[in-house]
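Below are the chains, spelled out letter by letter.
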Amino acid sequence: MPSVFLVSIGAVWFSTVGYLVLLALVAAIRRRRAPAVRRARPELPAVAVVVPTWNESPLISRKLANLAATRYPSDRIRVLVADGGSSDGTAEIVRGYRFFGNEVPVLTFDGGAHQAAQISMALDAVPEEIVVVTDADAELAPDCLEKLVLHLLEHPRTAVVGALVEPETGMPEEAVYWWLRNLLWSLEGEALGCANVSGVCFAARRSRFRPGPRAHAFDIRVALCGALAGWEVRLCRAARARELRVPQGRREFLRFRVRRGTGFLRELLDAWRAGSLPRRLRVACVVRLWNLLLTPFFVAAAAVAGSALLSTRLWWVPPATTALAFAPLFALPLLSSTLRPWARSRLPIATLRCAFWTWQSLLRIATSAARTVPS
């Protein structure tokens, strides 16, 4: 029983804390080896900003007003809405809006809320090389577009760059979840050049990715396409975007994570089956598949074996090992500047709840995947 517990807890540690530590070391080495080149600030190019919509009438006016408040030069922004056939008047609201005196084009895709098809249609309709995609329920910081575009210009090998996402939530668990995810994606981008990005907001070079009109999770598909083609995918922590429509309770948290995680898993499996993955992407995919399909069962095994050990003379092993292995996960949020609005006394409990709810969602995803595997 002690060996079962130690092996299980070791596997969980490797796929969480251990992976973050390894990424941080590799990222530090890459930064140290990178030549120090001072470049003059490049001129900001023309960009196309694509907003996919489907029944977004409560939010679309706020979204367009937010884009109008950007610090990016107004004469170099083309904003267009790719609508999936909204029935609530979203397109009519957009057509009545003036973006710096110009009408906002609305591209209508009548096939329903298929975001991949909507954005693919928009990509074919714009000449700009750099395209920014942002959800209708996302509020961008005034310098977000500028930071994303500059990141692409300063890193010629980067095809896709995502913004750092901060949720508009009253749940510290949701805030902790996104803080940890931002940390993971940032390190994966720096160390491996294959971060994930969120549809909340990302920028991409049109010539370096073609995700196609169908996807299980479009933002994940975009990141994988860029990495599969041999380009880098990164997260720009200086570019901040706030997600307005987020889970507000445990049930919503689980439902949202299961839905997103299932799409993530399908995209990973499609990429894996495609074969010929670049080495760094292969490493990231192995860890991601491990986390989605195996880690929840290792957590369960560690919990069962640890509970059994509590009634033996080795009762001290489970609490001591768990505290030693996962203390960093509870300490890191306390050091975060983005989590300052939350009372420090609430963050450890919020982190524990976030970890438990995430494990529940992963277990549902893994169990569902196991049921669908042909016998």
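In what follows, the accompanying structure is described.

What counts, and at which threshold
- Residues numbered from 1 in each chain as written.
- Predicted model: local features only at pLDDT ≥ 70, side-chain atom pairs only at ≥ 80, totals over all residues.
- Heavy atoms only, no water.
- Pairing = 2+ DSSP bridges.
- Helix = DSSP H or I, 4+ residues; strand = E, 2+ residues; numbered from the N terminus.
- Axes fitted to C-alpha atoms, helices over the stretch in contact; angles between N-to-C directions.
- Contact = heavy atoms within 4.5 Å.
- Buried < 20%, exposed > 50% of the residue type's maximum accessible area, 1.4 Å probe, protein only.
- Patch = residues over 30% accessible without salt bridge, like charges linked within 9 Å, V, L, I, M, F, W, Y side chains within 5 Å.
- Areas by Shrake-Rupley, 256 points an atom, 1.4 Å probe, with all protein chains shown as cover.
- Salt bridge = Lys/Arg side-chain N within 4 Å of Asp/Glu carboxyl O.
- Lys, Arg positive; Asp, Glu negative; His and termini not counted.
- Charge placed at Lys NZ, Arg CZ, Asp CG, Glu CD.
- Arc of directions from axis to C-beta.
- Parallel < 35°, antiparallel > 145°, perpendicular 65-115°, else oblique.
- Left-handed = near helix turned anticlockwise from the far one by under 90°.
- Nonpolar A, V, L, I, M, F, W, Y, C, P; charged D, E, K, R; others polar.
- 1 Å grid on protein atoms, 1.4 Å probe; cavity = no way out; pocket = protein on both sides within 12 Å on 5 of 7 lines; lining within 4 Å.
- Points joined across faces, edges and corners; volume = space filled by probe spheres on them.

1. With respect to the sheet that holds strand E7 (residues 138-140)
Then step 1. Here we have 8 strands laid out as an open sheet, ordered E5-E2-E1-E6-E9-E8-E10-E7, and mixed in their pairing. The outermost strands of the open sheet, each flanked by one partner alone, are strand E5 (106-108) and E7. On average, adjacent strands in this sheet sit at an angle of 30 degrees to one another, irrespective of strand direction.
Then step 2. The pairing of strand E6 (residues 130-134) with strand E9 (residues 201-205) spans 5 bridges and is antiparallel. Looking across to E9, one finds that valine 132 is bridged to alanine 203.
Then step 3. The sheet strands contacting helix H2 (residues 60-68) are strand E1 (47-53), strand E2 (77-83), E6 and E7, and the helix crosses E7 at an angle near 15 degrees.

2. Section: the pairing of E9
Then step 1. Counting buried residues along E9, 5 of its 5 residues qualify, which places the element largely inside the surrounding structure.
Then step 2. Two elements, strand E8 (residues 158-167) and E9, share 3 bridges in a ladder whose sense is antiparallel. Among the inter-strand pairings, valine 161 is bridged to a residue of E9, identified as alanine 203.

3. What to know about a positive patch on the surface
Then step 1. The grouping of Arg250, Arg251, Arg255 and Arg364 at the surface amounts to a positive patch.
Then step 2. For the positive patch, the element with the most residues is helix H8 (residues 250-274), which contributes 3 residues.

4. Details of the pattern of salt bridges
Then step 1. For the structure shown, the criterion picks out 19 salt bridges.
Then step 2. Its salt-bridge partner being glutamate 43, residue arginine 76 comes within 3.3 Å of it at the nearest N-O pair. Linking arginine 76 in the loop between H2 and E2 with glutamate 43 in the loop between helix H1 (2-33) and E1, this pair joins segments that are 33 residues apart in sequence.
Then step 3. In this structure arginine 76 comes out as partly exposed when scored by relative accessible area, which is 25%.
Then step 4. Look at the salt bridges and you will find they share partners, linking Arg30, Glu232, Arg234 and Arg280 into a network.

5. Quick notes on H2
Then step 1. Ile60, Lys63, Leu64, Asn66 and Leu67 are the residues of H2 that are buried. The buried residues of H2 all sit within an arc of 155 degrees when viewed along its axis, so they share a single face.
Then step 2. On the buried face of H2, the contacting elements are E1, E2, helix H3 (90-95), strand E3 (98-99), E6 and E7.

6. Concerning a nonpolar patch on the surface
Then step 1. There is a patch of nonpolar side chains on the surface, built from Leu310, Trp315 and Trp316 and spanning about 370 Å² of accessible area.
Then step 2. In this fold, tryptophan 315 is placed in the loop between helix H10 (295-309) and helix H11 (317-331).

7. Comments concerning the packing of helix H6 (residues 172-192) against helix H9 (residues 279-293)
Then step 1. Remark: H6 packs on H9, axes separated minimally by 10 Å, with the N-to-C direction vectors making an angle of 150 degrees. One way to sum up the angle between H6 and H9 is to call them roughly antiparallel. Pair H6 / H9 crosses with right-handed handedness. For the pair H6 and H9, the contacting residues are Glu188, Ala191 and Leu192 in the first and Arg280, Ala284 and Arg288 in the second.
Then step 2. The residue makeup of the contact of H6 with H9, split by class, is 3 nonpolar, no polar and 3 charged.

8. Brief notes about the layout of surface pockets
Then step 1. Considering only enclosed or pocket space, the largest pocket measures out at about 1500 Å³ in volume.
Then step 2. As for the largest pocket, its lining consists of 49 residues, of which Thr16, Ala355, Thr358, Trp359 and Leu362 are closest to the centre.
Then step 3. Of all the secondary structure elements, the ones that give two or more residues to the lining of the largest pocket are H1, H6, H8, H9, H10, H11 and helix H12 (347-372).
Then step 4. A per-element tally of the lining of the largest pocket places H12 first, with 10 residues.
Then step 5. A class-by-class count of the residues in the lining of the largest pocket yields 32 nonpolar, 12 polar and 5 charged.
Then step 6. In this structure, the second largest pocket occupies an estimated 980 Å³ of space.
Then step 7. Every element with two or more residues in the lining of the second largest pocket is listed here: E1, helix H4 (115-125), H6, helix H7 (218-228) and H8.
Then step 8. Top element by residues in the lining of the second largest pocket is H8. It accounts for 6 residues.

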